[in-house]
Number of protein chains: 2
Amino acid sequence: MNPPSALFVDLYELTMAQLYYERGITGEAVFELTVRSMPDGWEYLIAAGLDRALHFLESLQFDDDDLAYVASLPQFDSEFIDRLRQLRFTGEVWAPPEGTTVYPDEPLIQVVAPLPEGQIVETALINLIAYPTLVASKAARAVDAADGRPVIDFGSRRAHSSDAAIEATRAAYIAGFTATSSLQAGRLYDIPVTGTMAHSYILAEDDELAAFNAFATRYPGTTLLVDTYNTAEGVERTIEVAKRCGPGSIGAIRIDSGDLLTESRQARQRLDAAGLVSVRIIVSGGLDEYQIAELVEAGAPIDVFACGTNIVAPRDAATLDSAYKLVEYAGRAVAKRSEGKPSVGHRKQVWRLPEHDEIHPFDGGGVADAEPLLRPVMEHGRRIAAHAESLTQMRERAATRVIQSSVSVDQALLD
Amino acid sequence: MNPPSALFVDLYELTMAQLYYERGITGEAVFELTVRSMPDGWEYLIAAGLDRALHFLESLQFDDDDLAYVASLPQFDSEFIDRLRQLRFTGEVWAPPEGTTVYPDEPLIQVVAPLPEGQIVETALINLIAYPTLVASKAARAVDAADGRPVIDFGSRRAHSSDAAIEATRAAYIAGFTATSSLQAGRLYDIPVTGTMAHSYILAEDDELAAFNAFATRYPGTTLLVDTYNTAEGVERTIEVAKRCGPGSIGAIRIDSGDLLTESRQARQRLDAAGLVSVRIIVSGGLDEYQIAELVEAGAPIDVFACGTNIVAPRDAATLDSAYKLVEYAGRAVAKRSEGKPSVGHRKQVWRLPEHDEIHPFDGGGVADAEPLLRPVMEHGRRIAAHAESLTQMRERAATRVIQSSVSVDQALLD
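About the cut-offs
Residues numbered from 1 in each chain as written. Chains lettered and ligands numbered in written order. Predicted model: local features only at pLDDT ≥ 70, side-chain atom pairs only at ≥ 80, totals over all residues. Heavy atoms only, no water. Domains from an automatic or database assignment. Contact = heavy atoms within 4.5 Å. Buried area = accessible area lost by both parts, 1.4 Å probe. Salt bridge = Lys/Arg side-chain N within 4 Å of Asp/Glu carboxyl O. Helix = DSSP H or I, 4+ residues; strand = E, 2+ residues; numbered from the N terminus. Buried < 20%, exposed > 50% of the residue type's maximum accessible area, 1.4 Å probe, protein only. Pairing = 2+ DSSP bridges. Phe/Tyr/Trp six-rings, centres within 6.5 Å; stacked < 30°, edge-to-face > 60°. Lys NZ or Arg CZ within 6 Å of the ring centre and 35° of its normal.

**Overview of the domain arrangement of chain A**
Residue and element names in this part refer to chain A.
And then number 1: Domains assigned within chain A are domain 1 (11–134 + 317–414) and domain 2 (145–312).
And then number 2: Relative placement of domain 1 and domain 2: their C-alpha centres are 39 Å apart.
And then number 3: Facing 15 residues of domain 1, the contacting portion of domain 2 comprises 17 residues.
And then number 4: Interface of domain 1 and domain 2: buried area, both sides summed, is about 1,300 Å²; carbon and sulfur atoms make up 54% of it.
And then number 5: Looking at the side of domain 1 facing domain 2, the largest losses of area belong to Tyr131, Leu391 and Arg395, adding up to 50% of the total buried there.
And then number 6: Seen at the junction of domain 1 and domain 2, the total is two salt bridges.

**With respect to unusual backbone geometry**
And then number 1: Although it is not a glycine, Asp190 of chain A sits at a positive phi angle of roughly 55°.
And then number 2: Position of Asp190 of chain A relative to the elements: it lies in the loop between helix 8 (183–189) and helix 9 (199–204).
And then number 3: You can call Asp190 of chain A exposed: its relative accessible area is 66%.
And then number 4: For Ala330 of chain B, which is not a glycine, the phi torsion comes out positive at approximately 50°.
And then number 5: Along the chain, the position of Ala330 of chain B falls in the loop between strand 12 (321–329) and strand 13 (332–333).
And then number 6: For Ala330 of chain B, a relative accessible area of 53% puts it in the exposed group.

**Observations concerning the sheet that holds strand 3 (residues 92–95) of chain B**
Residue and element names in this part refer to chain B.
And then number 1: Taken in spatial order, the seven strands line up as 13-12-1-5-3-17-18 in an open sheet, and their pairing is antiparallel. Looking at which strands have only one partner, the edges of the open sheet turn out to be strand 13 and strand 18 (382–383).
And then number 2: In this sheet, strand 13 lies alongside strand 12 in antiparallel orientation, the contact comprising two bridges. When the sheet's bridge partners are listed, Tyr329 is paired in strand 13 with Arg332.

**Regarding the environment of Pro74 of chain A**
Residue and element names in this part refer to chain A.
And then number 1: In this structure, Pro74 sits in the loop between helix 3 (64–72) and helix 4 (78–86).
And then number 2: Note on Pro74: relative accessible area 76%, which makes it exposed.
And then number 3: The sequence separation of Pro74 and Thr309 amounts to 235 residues, and the corresponding C-alpha distance is 42 Å.

**Some details on the pattern of salt bridges**
Residues and elements named next belong to chain A.
And then number 1: Inspection of the entire model under this criterion finds 65 salt bridges over all chains.
And then number 2: Across the pair Arg237 and Glu208 runs a salt bridge, and its minimum N-O distance is 2.5 Å. Placement of Arg237 in helix 11 (residues 231–245) and of Glu208 in helix 10 (residues 208–218) is noted, with a sequence separation of 29 residues between them.
And then number 3: By relative accessible area, Arg237 is classed as partly exposed at 24%.

**Some points on the side chain of Arg170 of chain B**
Residue and element names in this part refer to chain B.
And then number 1: Inspection of the secondary structure assignment puts Arg170 in helix 7 (residues 162–174).
And then number 2: Residue classification places Arg170 among the buried residues on the basis of a relative accessible area of 6%.
And then number 3: Contacts of Arg170, omitting those with residues within four sequence positions, involve Gly49, Asp51, Glu98, Tyr189, Ile191, Leu391 and Met394.

**Considering the sheet that holds strand 16 (residues 371–372) of chain B**
Residues and elements named next belong to chain B.
And then number 1: In space, the four strands of this open sheet follow the order 16-14-15-19, with mixed pairing throughout. Each edge of the open sheet is held by one strand with a lone partner, namely strand 16 and strand 19 (406–409).
And then number 2: Relative to strand 16, strand 14 (residues 348–352) runs antiparallel, the two being bridged by two bridges. Within the sheet, the bridge partner assigned to Trp351 lies in strand 16 and is Pro372.

**A short note on the packing of aromatic side chains**
And then number 1: Summed over the entire model, instances satisfying the criterion amount to 14 aromatic pairs over all chains.
And then number 2: Ring geometry for Trp94 of chain A versus Phe362 of chain A: centroids 4.8 Å apart, planes at 90°, classification edge-to-face. Of the two residues, Trp94 of chain A is situated in strand 3 (residues 92–95) and Phe362 of chain A in the loop between strand 15 (356–361) and strand 16 (371–372); the sequence distance between them amounts to 268 residues.
And then number 3: Pairing Phe31 of chain B with Tyr324 of chain B gives two aromatic rings, centres 4.8 Å apart and planes at 10°, and the pair type is stacked. A residue pair is termed long-range when its members are at least 10 positions apart, and Phe31 of chain B in strand 1 (residues 28–37) and Tyr324 of chain B in strand 12 qualify at 293 residues.
And then number 4: Each member of the aromatic cluster is reached from another via a ring pair, and the members are Tyr20 of chain A together with Tyr201, Phe215 and Tyr219 of chain B.
And then number 5: Over the face of the ring belonging to Tyr189 of chain A we find Arg170 of chain A, whose NZ or CZ atom lies 5.4 Å from the ring centre.
And then number 6: Positioned above the aromatic ring of Phe362 of chain B is the side chain of Arg347 of chain B, whose terminal nitrogen or guanidinium carbon lies 3.5 Å from the ring centre.

See the structure below:
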């Protein structure tokens, strides 16, 4: 997906930037984007969204229409419009690669740039990183809960927009989902696509049997949706069709309603009794990691979990509580002390040890036997080539998630 | 914003469509998008998102890249690819205009089209209408709670994507918000833009006083953010700056943390004592309608509420529970009977009476003294010109929200 327009920016970023230029406050700034607190019950986050954020920074440029609009606002003078016309992102970026396990207070992205540049990109960077990280984290929890069974993405219709949907699909794939129903995400990100059938198909045919026959004949190995009228009857019709069309004609059934534990058990029993042991059972319908865990723990004979709504717009975490904060300006550590929402000054590095993470000042030297989490990914406004990664690499990183017992913050950062 | 690509579609829509064509199931279908249940405590919904949905339908067309991708999938043959190449939306659409108060089970959009066309647009239509309707409804609740005080949108960074952000801003504006911080939404939809300053500006200057002075001098009538270090001290500095720069130099202060009732009262008292009775108080920080109502009821001296997170991604309603269902095919009413998720067959019309709504079969004749909610907005795949409306008209419609005591469903629909 193309990154947002440069005009995807809050007004105050530009009023501040104009003053920075006018007052010569254009020294080197360090901004860090962090999650402030974890959603209830979550143990870790999976970083995602960096690639598109870097694309945004690389291509940042106000076009003539943008500039004409900004010039039409009463706050801005022509000198600033000229500066805005010349503006490119020239800074340096450090970040944990996508798929990395991260924790609150650990920077998801660290921007080192002349203050106006670091300021102007705030709105877009939060937007581009917080949501994919939310979805990757939620999806990883679903994958954990599924305990080895594939989890697939059906969320496009429920996402808050088409580009949110596509980035959600990508993030869930990084976190271990195995396929998506979204053709656009499939094409853009080379993610395997999958699908079943909708109730409408069955309703449009003369009856369920005709619908099942048509799908099994046209798409051998298909998945039949069995709950349009009555799940038990849908399973019987599946058996009938399998007998008529041959054992390979039906790959799976999908159950989208009712008590999924009971329905899946009854379906499994009937399928097995009919000799259809290879027909798999897919379930869907507002699933999240809690329902998946319950079904898995109860031993539900479910082979694939299809998730949508509660991964792309999780009911327990509609957003991540994140902030993009200035932590250093011209070599001086800065922090706000707002009641209940203080920030932690100093440019930071996160050191990963086998059992816990340590957050230290960036230039405080290394930590023995620890791996630095933030890596350089952009220099002088250009991506560092070595950083370019495939989704497969990100998936592998996410698959070896690191559940730390604690994250400690260097006292030097808090003084 | 441009509508989504035609390829923003779930795989199963196309496997179904291919079979519809092959089996000649291409008669007239009626699909309806409805909300199935209301988020807890909500009394009404405000319809939004229709304009972009119609734009999507009008411009629906698979391009060569889309077709090459679809052709690369094992399910599709060249005859279908040719059909897809020719495919345009030729149907009819009925809908309540944006800004209309609506209730669960009342169609947000009704599509009457050859079955494959009505089917293929499912993914995009749900995506394009459910989220703006969610945000407009949530925003209207915030406007209700603010009881006449302006509510403004600061949500761009928290939305799930940049296009979600822009559509959220538009939806909130329809619902009665008065301005936005988003320049892109401001430009695209001609919505007034507004803004204050961020903590970073204050941290980058030598001290808070210098930052306040700079803003008050450069932007007379500005809003100063007073809680970076200590709100009470920030208010004292505001008074100091107002004395130095003149009474018109400061339009407002913003408080973004702490107990907003206490902080706003103390600030108001100090400002008034200093003769700054015209300096307004803006508050922000994860506000929703419940917090706004609490502050208003407690008599907090707050002039403007700035909302972000909990409007664009509401914690009590991450999505609306909506469905796009086939309700008639070739003149025959159809409905699924899935356990806990039945649909209601028949094409419908909603009749609005002074105190309640009645949902009847579409062709069942009128209801005396009632207004039909669904209006024709597209014919033969083209927008009906008379439908084109300004955001102002939608805002006016939303401003006269209709809180109905009940919605009754004609028994003929349920049999």
